[in-house]
Amino acid sequence: MLQRNIFIAINLIFGFVLLYSYYRGITNNPGIGEKLWGGVPKSLTPYIIYSMFISALGYFFFTYYILFKVDFNSIKIFNQFNFSFFIIIYLLILIPSCFWIDLSIAYINSPNQILWILICSILYTVGISSLILLISLYNIRPQETSILFNISFIGCIFFTIHTVFLDGLLWTIFFHK
């Protein structure tokens, strides 16, 4: 029960902080939204925006599955780790994400190598953590998969593709072009 409450608290607290950081970053810096795309080709931005929404929807599905369908007391991820493994993975996704927009705005306003390294480190941490989450979710798949698990797993695939490839690779490659 304690782990479930911690998992819920992490999602509620850091989810709110993440959304608020984006809201504050955009509203306190008029015109910054366009600059945050950097050199990403404008022809790709609609697809990336759609991917953001699909990934967010996927996040809700796989988080729901983990929260309500995984047995917190008996789960063994990779036959070794208990539910705390999921808590750590979520922390590694949510906490760095809370810093991305502020660091990116600071970099846009005053570019320097240290900020760029921090931004890339955040994106790579989130991407790698998403990939570990996807592998972990696959690892605990039920013997007889359900529609909910399948939707959750597909949602996690979209989330991972977005964080690894669109954020971690595409954005970092095109930002300076």
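Each chain has its residues counted from 1, following the order in which its sequence is written. Only residues with pLDDT of at least 70 get local features here, since the model is predicted, and only at 80 or more are side-chain atom pairs given and counted; chain-wide, interface and lining totals rely on the full set of residues. Note: side-chain values were computed over all heavy atoms of the structure, leaving out hydrogens and water.

**Section: the overall build of the protein chain**
Here's step 1: Runs of H or I in DSSP of at least four residues are treated as helices and runs of E of at least two as strands, each being numbered from the N terminus. Per the secondary structure count, the protein chain includes six helices and zero strands.
Here's step 2: Listed N to C, the secondary structure of the protein chain is α-α-α-α-α-α in terms of helices and strands.
Here's step 3: For 177 residues, the compact-globule estimate of 2.2 N^0.38 gives 16 Å, and the C-alpha radius of gyration of the protein chain, at 17 Å, lies within 12% of that figure.
Here's step 4: Counting only C-alpha atoms and orienting by the principal axes, one finds that the protein chain spans roughly 50 × 30 × 25 Å.
Here's step 5: The buried label goes to any residue with under 20% of its type's maximum accessible area, the exposed label to any with over 50%, and the partly exposed label to all in between, with areas taken from a 1.4 Å probe on protein chains only. Across the 177 residues of the protein chain, 41% fall into the buried class.
Here's step 6: The contact criterion used throughout is that any non-hydrogen atoms of two residues lie within 4.5 Å. Of all intrachain contacts in the protein chain linking residues separated by at least 6 positions in sequence, the fraction that spans at least 24 positions is 78%.
Here's step 7: To measure how exposed things are, a 1.4 Å probe is used in the Shrake-Rupley method; for residues, cover is taken only from the protein chains shown. Of the roughly 10,200 Å² that the protein chain leaves accessible, carbon and sulfur atoms contribute 70%.
Here's step 8: Under the counting rule used here, the positive set is Lys and Arg, the negative set is Asp and Glu, and His together with the chain ends is not counted. Charge placement uses NZ in Lys and CZ in Arg. For Asp and Glu, CG and CD serve respectively. If the 8 positive side-chain charges of the protein chain are averaged to one point and the 5 negative ones to another, these points end up 3 Å apart. The size measure is the radius of gyration over C-alpha atoms, and the globule rule it meets is 2.2 Å times the number of residues to the 0.38 power.

**Section: the pattern of salt bridges**
Here's step 1: Basic side-chain nitrogens of Lys or Arg form a salt bridge, by our definition, when they fall within 4 Å of a carboxyl oxygen of Asp or Glu. Considering all chains together, one arrives at two salt bridges under this definition.
Here's step 2: The residue Asp 102 makes a salt bridge to Arg 24 at a minimum N-O spacing of 3.0 Å. Here Asp 102, found in helix H4 (residues 84–109), pairs with Arg 24, found in helix H1 (residues 2–27); they are 78 residues apart in sequence, far enough to count as distant.
Here's step 3: Since its relative accessible area comes to 29%, Asp 102 is described here as partly exposed.
Here's step 4: Residue classification places Arg 24 among the partly exposed positions, given a relative accessible area of 28%.
Here's step 5: The shortest N-O distance in the salt bridge between Lys 42 and Glu 34 comes to 2.4 Å.

**Re H1**
Here's step 1: Multiplying one less than the number of residues by 1.5 Å gives the expected span of a helix. An ideal rise of 1.5 Å per residue puts 38 Å on 26 residues; H1 measures up with 37 Å between its terminal C-alpha atoms.
Here's step 2: Phe 7, Ile 10, Asn 11, Gly 15, Leu 18, Ser 21 and Gly 25 are the residues of H1 that are buried.
Here's step 3: Of the surrounding elements, those touching the buried residues of H1 are helix H2 (32–35), helix H3 (45–69) and H4.

**Concerning the packing of H1 against H3**
Here's step 1: Every angle, taken between N-to-C directions, lies between 0 and 180 degrees, and every axis is a line fitted to C-alpha atoms, over only the stretch in contact when it is a helix. One way to put it is that H1 packs onto H3 with a least axis distance of 11 Å and a crossing angle of 165°. Between H1 and H3, the angle is such that the two are roughly antiparallel. Viewed along their axes, H1 and H3 form a crossing whose handedness is left-handed. Contacts between H1 and H3 involve Arg 4, Phe 7, Ile 8 and Asn 11 from the former and Tyr 59, Thr 63, Ile 66 and Leu 67 from the latter.
Here's step 2: Along the lines of polarity and charge, the residues of the contact of H1 with H3 split into five nonpolar, two polar and one charged. We call two directions roughly parallel when the angle between them is under 35 degrees, roughly antiparallel when it is over 145, roughly perpendicular when it lies between 65 and 115, and oblique otherwise. In this scheme, a crossing is called left-handed if the near helix is turned counterclockwise away from the far one by less than a right angle; it is called right-handed if the turn is clockwise. Classification convention: Asp, Glu, Lys, Arg as charged; Ala, Val, Leu, Ile, Met, Phe, Trp, Tyr, Cys, Pro as nonpolar; all other residues, Gly among them, as polar.

**Describing the layout of surface pockets**
Here's step 1: Residues are said to line a cavity or pocket when one of their atoms sits within 4 Å of a point; the points come from a 1 Å grid over protein atoms alone, cavities being sets where a 1.4 Å probe fits but cannot get out and pockets being open sets with protein on both sides within 12 Å along at least five of seven lines. Grid points are joined across faces, edges and corners, and a volume is the space filled by probe spheres set on the points. In this model, the largest pocket occupies a volume close to 1,400 Å³.
Here's step 2: Lining the largest pocket are 40 residues, with Leu 18, Leu 19, Tyr 22, Met 52 and Ala 56 positioned closest to its centre.
Here's step 3: Taken together, the elements giving at least two residues each to the lining of the largest pocket come down to H1, H3, H4, helix H5 (113–139) and helix H6 (147–174).
Here's step 4: Of the residues forming the lining of the largest pocket, the biggest block, eleven residues, is contributed by H1.
Here's step 5: Within the lining of the largest pocket, the residues separate by chemical class into 31 nonpolar, eight polar and one charged.

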